[in-house]
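Listed below are the residues making up each chain.
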Amino acid sequence: MGSTCDRSFTQFMWKLCLLLACCTITLTLAADDESFSNSTMLKRLHEDDYDDGMLMVASRGIENNDVDEEGVCPDGLMVAAWKPQKNLSTGDRVARGLVYFFVMIYLFIGVSIVSDRFMAAIEVITSKEKEVIIKKKNGEKQIVVVRVWNETVANLTLMALGSSAPEILLSIIEMFAKKFQAGDLGPGTIVGSAAYNLFVIIALCIVVIPNGEVRKIKHLRVFFVTATWSVFAYIWLYLILAQISPGRVEVWEGLLTFMFFPATVLTAYIADRRLLIFKYLDKNYRMNKRGVIVSAEGDAALEMDQQQQTDKLAADSDEMREFDEARREYISLLKELRAKYPQSDLEQLEMIAQEQMINRGPKSRAFYRIQATRRMVGSGNIMRKIQERAQSDLNEIKAQLQRVDVNVEEDEAILRVFFDPGHYTVMESCGEFEVRVVRRGDLSGYTTVEYETEDGSAEAGSDYVGKKGVLNFPPGVDEQRFKIEIIDDDVFEQDEHFYIRLSNASDPAVLAVPKVATVMILDDDHAGIFAITQSSHELTESVGVYEVKVQRYSGARGKVLLPYWTEDGTAKAGKDYEPQEGQLVFENNETEKNIAVGIIEEGSYEKDVVFYVNIGEPTLAPDNTSNKRDAFKFFNKFFDDELAGLIQAAEQKSPEDLTEEDKMALLGRPKAGETTRALLRIIESKEFKNTIDKLVQRANASMVLGTSSWKEQFVEALTVTSEDGGEEEGEEPTPTCANYVMHFITLFWKILFAFVPPTEIAGGYLCFFVSICAIGVVTAIIGDVAGHFGCTLGIKDAVTAICFVALGTSIPDTFASKVAAIQDKYADASVGNVTGSNAVNVFLGIGVAWTVAAIYHEAQGQVFAVQPGTLAFSVTLFCSEAFIAILILMLRRSKSVGAELGGPVTIKYISGFFLFSLWLIYIIVSSLEAYGIIKGF
């Protein structure tokens, strides 16, 4: 669907170009040649009150116009005029005009391709990042990766220069080509491009938004500032041409025009950073009918739940707020994908989410400009690069998170001797158990080590048999074992422990930890005390199944049933964990059991909820079939079924009535210990959290625009790719016939500009300077061809500029804005940058050219003459219509539409048609004034 729309739109633009060409040629051939002669212009000039110096310069400028008295076109700066030029028929002129026209289109494609390289360099330069340590109000520190360049400053400086480089350079080059005389082609292109950008591009962006959707300008303050400067720029042109110093430009006017450029950047930056008066224009917060906090900048409302709003207000910096916003968007996207693809594992979803984050995330105008150009000429597919980048990012991050940092590696040459394991738990009735001692390192030698038991709460002779000895490790042997005997009795007592210590290891062996083993003796003359080993547990939601350990101590005789169940806290059963309820069955001499609880993974970033696991009172199993030892008749009777009744009978007696047998029975019954309730706190997965943080930091679409080598550039230049996005279905898109045609048509430009240095060299700056030089050369050729085109057909430079050159240089921006309007969540990339670019065009393109020319003429003792006529009229007409266009955008923010772009079908088409009509009126009326059909200045 998207590619079909792109092809339809491309066909529309070509038809529009041809229609303009035909209309202009017809108008030219039908016009009366005498009414447009140079003598008429000279007569008008002499009627005005200009001084003699200016008359001399102005007359010279008109006499050196594109067509001399014999109808001969002068040679251009780079391209000579087509010879012969005299005695040409109308058919010859039209044929030559068509050749110039198609050559001009081919040159427009070339300058678009080299601008692709230029914009990639700008994107790499402005996307430089740095790590910033953010300290939250709770004292927590977090490292956030932020861009070095402020977004607004980047858009108004390098980005604007990149998107408008042909228009700006054309104005400057034309001034040099005409030997510091004023020309119509450069300034006319700038004004015509501004009109096309403001009326046609915005009209298109309004219409292409899918039905039922809207796009709103997010940074409204910056938009107001740049919109004001964009209108003021053309008002200022009118003032210096027709009011302050009519017919001439003085040095201070040119310098001031140029100085408005840094003023624009500075005021936009102040608005963006909320400095000076803007800090008092704070955001308003209110609660809507649904109980949701609404944050609004103007009418740009953003909804979030109460907790998110609290987090946002608590952030201490713009960087932290932007990072949190991107993080929340990523988590929301991941949840959507989990619901959409429930069978996919988390890693697959993370890759898809990262790809969509890069795809959805804020992109610069450079990204959309490059994407539009590459689609237009069948070049490299950026979307495929995004998919590859998402996969590589995820793999790299997973590898980083799984990597274990080892500061000091153990020297394998050192021979170490130690217990393995260092802790033993045995039953009192076990008889004896085995202790294991191992050695690690160089096993080629002979090693001896002494061992000896040591009392703890258990005493040698009454609880265990003390022992000491020497262990011998022959060459090649890495472990030795010895046995310790445990003494069993029929006296109920608490669990006890003792130690086994290693000493006197022979050289070169050394004793390593654990060199002391702890042995815990569990009394088995009691049914046991049952307790959860930990009262508090902290686990990540990605754990899957978490096991809560229940331990039986102070006895392990008999088969015991222990009830357990889960209980909700802030965590809810079925949402955060799987509820459990049942009984643990402890067999005779069994001391440990686990309660398995399934944890449901939601993919939450900052999760912190709790629930509980409880155990009840243990009871003897009624079908107790425990093994009994004949030596202990009392306990044989005690653990028989009839003795269970004896315990129950003893429990019903008062303490005064208990017999010794009853007391012994009560001592032997199973009991619940101190910890019968465990709190389980579910927090976010650290790996998931770190993955999100790193992926959000890497969700930078600009990284896929650069190139790392000449080889990569030539491979891209020679490869035909489809503009269709078949990657989502996992299919490789097949280039169409149109892709191949455009590829071979533009192959010359692709190969030529593949020689431009890759963006990875010198941080993109070398690519930047080489690209802008290449743009200057191609633009100079465009200026010559456009001049020859107009001269051959008798079309004035002012008309050629606004009807053809402005349109040709703005085609890539048209496609870029269209894609940005559809893909971006906000309208800043598609609409907001238009106003800033229009202002920068005047302040740089005209400001630099006129400043240099004015200084040159001042040094020569002359006046730099600029005829106010067509340019002043065109500027006045544009300013009038610009006020209307901006007013329409503001009215569209009302409740009936709610945003600058999109909205109800009828309203959006009416708005788009009206803005497009403003452009048609502009070019028609400006052309009529240029030919003197209507009177201008």
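For the structure given in this document, a descriptive report is provided here. (Residues numbered from 1 in each chain as written. Predicted model: local features only at pLDDT ≥ 70, side-chain atom pairs only at ≥ 80, totals over all residues. Heavy atoms only, no water.)

Attention now moves to the overall build of the protein. A tally of helices and strands in the protein yields 25 helices and 26 strands. By the burial criterion, 52% of the 937 residues in the protein qualify as buried. Nonlocal contacts in the protein, meaning residues at least 24 apart in sequence, comprise 76% of its contacts between residues at least 6 apart. Surface summary for the protein: the accessible area is close to 42600 Å², and the carbon and sulfur share equals 56%. (Helix = DSSP H or I, 4+ residues; strand = E, 2+ residues; numbered from the N terminus. Buried < 20%, exposed > 50% of the residue type's maximum accessible area, 1.4 Å probe, protein only. Contact = heavy atoms within 4.5 Å. Areas by Shrake-Rupley, 256 points an atom, 1.4 Å probe, with all protein chains shown as cover.)

Now for the sheet that holds strand 21 (residues 592-598). Sheet architecture is open: 4 strands sit in the order 21-18-16-24, paired in mixed fashion. On the outer flanks of this sheet lie strand 21 and strand 24 (671-672), each paired with one strand and no other. In the sheet, strand 16 (residues 529-532) pairs with strand 18 (residues 545-553) via 4 bridges, with the strands oriented antiparallel. From the neighbouring strand, Phe 530 faces strand 18, where its bridge partner is Arg 552. (Pairing = 2+ DSSP bridges.)

Turning our eyes to something else, we now look at the environment of Ala 571. Among the structural elements, Ala 571 can be located in the loop between strand 19 (560-568) and strand 20 (581-586). Measuring from C-alpha to C-alpha, the distance between Ala 571 and Val 609 comes to 4.9 Å, with 38 residues separating the pair along the chain. Contacts of Ala 571, omitting those with residues within four sequence positions, involve Asp 576, Tyr 577, Val 609, Val 610 and Phe 611.

Let us now look at the pattern of salt bridges. Any two side chains of opposite charge can pair, so long as their charged atoms come close to each other. Under the counting rule described, the total for this entry stands at 14 salt bridges. A salt bridge links Arg 248 to Glu 250, with the shortest nitrogen-to-oxygen separation between them at 3.7 Å. Residue Arg 248 is classed as partly exposed on the basis of its relative accessible area, which comes to 26%. Sharing partners across several salt bridges, the network here consists of Asp 420, Glu 434, Arg 436, Glu 479 and Arg 481. (Salt bridge = Lys/Arg side-chain N within 4 Å of Asp/Glu carboxyl O.)

Counting residues in hydrophobic clusters, the biggest one holds 128 residues, and the most contacted among them are Tyr 234, Trp 850, Phe 878 and Trp 919. For this core, the element with the most residues is helix 4 (residues 90-126), which contributes 16 residues. Listed in part, the 25 residues of the second largest apolar core include Tyr 546, Tyr 577, Leu 584 and Ile 595. (Core = buried A, V, L, I, M, F, W, Y, C linked by side-chain atoms within 4.5 Å.)

Excluding glycine, most residues fall at negative phi; most peptide bonds, likewise, are trans. Each neighbour pair has its own omega, and for Asp 420 with Pro 421 the value is 5°, a cis peptide bond. One can find Pro 421 in the loop between strand 7 (416-419) and strand 8 (423-427). With a phi angle near 55°, Asn 87 is a residue other than glycine that sits in the positive phi range.

The strand order across the open sheet formed by 4 strands is 12-9-7-14, and the pairing between neighbours is mixed. Looking at strand neighbours, the two that pair on one side only are strand 12 (479-485) and strand 14 (510-511), the edges of this open sheet. Relative to strand 14, strand 7 runs parallel, the two being bridged by 2 bridges. Following the sheet pairing, Arg 416 is matched in strand 14 by Val 510.

A few words on the pairing of strand 22 (residues 608-615). In terms of residue burial, strand 22 counts as a mostly covered element, since 7 of its 8 residues are buried. Examined bridge by bridge, strand 19 and strand 22 share 5 bridges and lie antiparallel to one another. Looking across to strand 22, one finds that Trp 565 is bridged to Asn 614. In this sheet, strand 25 (residues 677-683) lies alongside strand 22 in antiparallel orientation, the contact comprising 7 bridges. Among the inter-strand pairings, Tyr 612 is bridged to a residue of strand 25, identified as Leu 679.

It is worth spelling out the side chain of Arg 117 at this point. By the element assignment, Arg 117 lies in helix 4. No salt bridge forms around the buried Arg 117; measuring N to O, its nearest opposite-charge neighbour Asp 116 is 5.0 Å away. For Arg 117, the side chain forms a polar contact with the side chain of Thr 707, separated by 3.3 Å. Apart from residues lying up to four places away in sequence, Arg 117 is in contact with Thr 707, Gln 713, Phe 753, Val 756, Pro 757, Pro 758, Thr 759, Cys 767 and Ser 771. (Lys, Arg positive; Asp, Glu negative; His and termini not counted. Polar contact = N/O pair within 3.5 Å; in protein donor to acceptor, adjacent residues only side chain to side chain.)

A separate point is the packing of helix 5 (residues 151-177) against helix 22 (residues 797-823). Between helix 5 and helix 22, the shortest axis-to-axis distance is 8 Å and the interhelical angle comes to 160°. Here helix 22 runs roughly antiparallel to helix 5, going by the angle between their axes. Helix 22 is crossed by helix 5, and the crossing has right-handed handedness. Across the interface between the two elements, Ser 163, Pro 166, Glu 167 and Leu 170 from helix 5 touch Val 805, Thr 809, Ser 810 and Asp 813 from helix 22. Residues that form the contact of helix 5 with helix 22 fall into these classes: 3 nonpolar, 3 polar and 2 charged. (Axes fitted to C-alpha atoms, helices over the stretch in contact; angles between N-to-C directions. Parallel < 35°, antiparallel > 145°, perpendicular 65-115°, else oblique. Left-handed = near helix turned anticlockwise from the far one by under 90°. Nonpolar A, V, L, I, M, F, W, Y, C, P; charged D, E, K, R; others polar.)

With respect to the helices, strands and loops of the structure, Val 251 is situated in helix 8 (residues 251-273). Taking relative accessible area as the criterion, Val 251 reaches 22% and is therefore assigned partly exposed. Excluding anything up to four places from it in sequence, Val 251 contacts Ala 854, Ile 855 and Glu 858.

Under the defined criterion, the tally for this structure stands at 31 aromatic pairs. Ring geometry for Tyr 196 and Trp 919: centres 5.6 Å apart, planes at 80°, overall edge-to-face. Separated by 723 residues along the polypeptide, Tyr 196 in helix 6 (residues 185-208) and Trp 919 in helix 25 (residues 905-930) bring together distant segments of the chain. With respect to burial, Tyr 196 and Trp 919 carry one shared label: buried. One aromatic cluster is present, built from ring pairs that chain together Trp 229, Phe 232, Trp 236, Trp 252, Phe 260 and Phe 843. It is Arg 677 that lies over the ring of Tyr 612; its NZ or CZ is 3.9 Å from the centre. (Phe/Tyr/Trp six-rings, centres within 6.5 Å; stacked < 30°, edge-to-face > 60°. Lys NZ or Arg CZ within 6 Å of the ring centre and 35° of its normal.)

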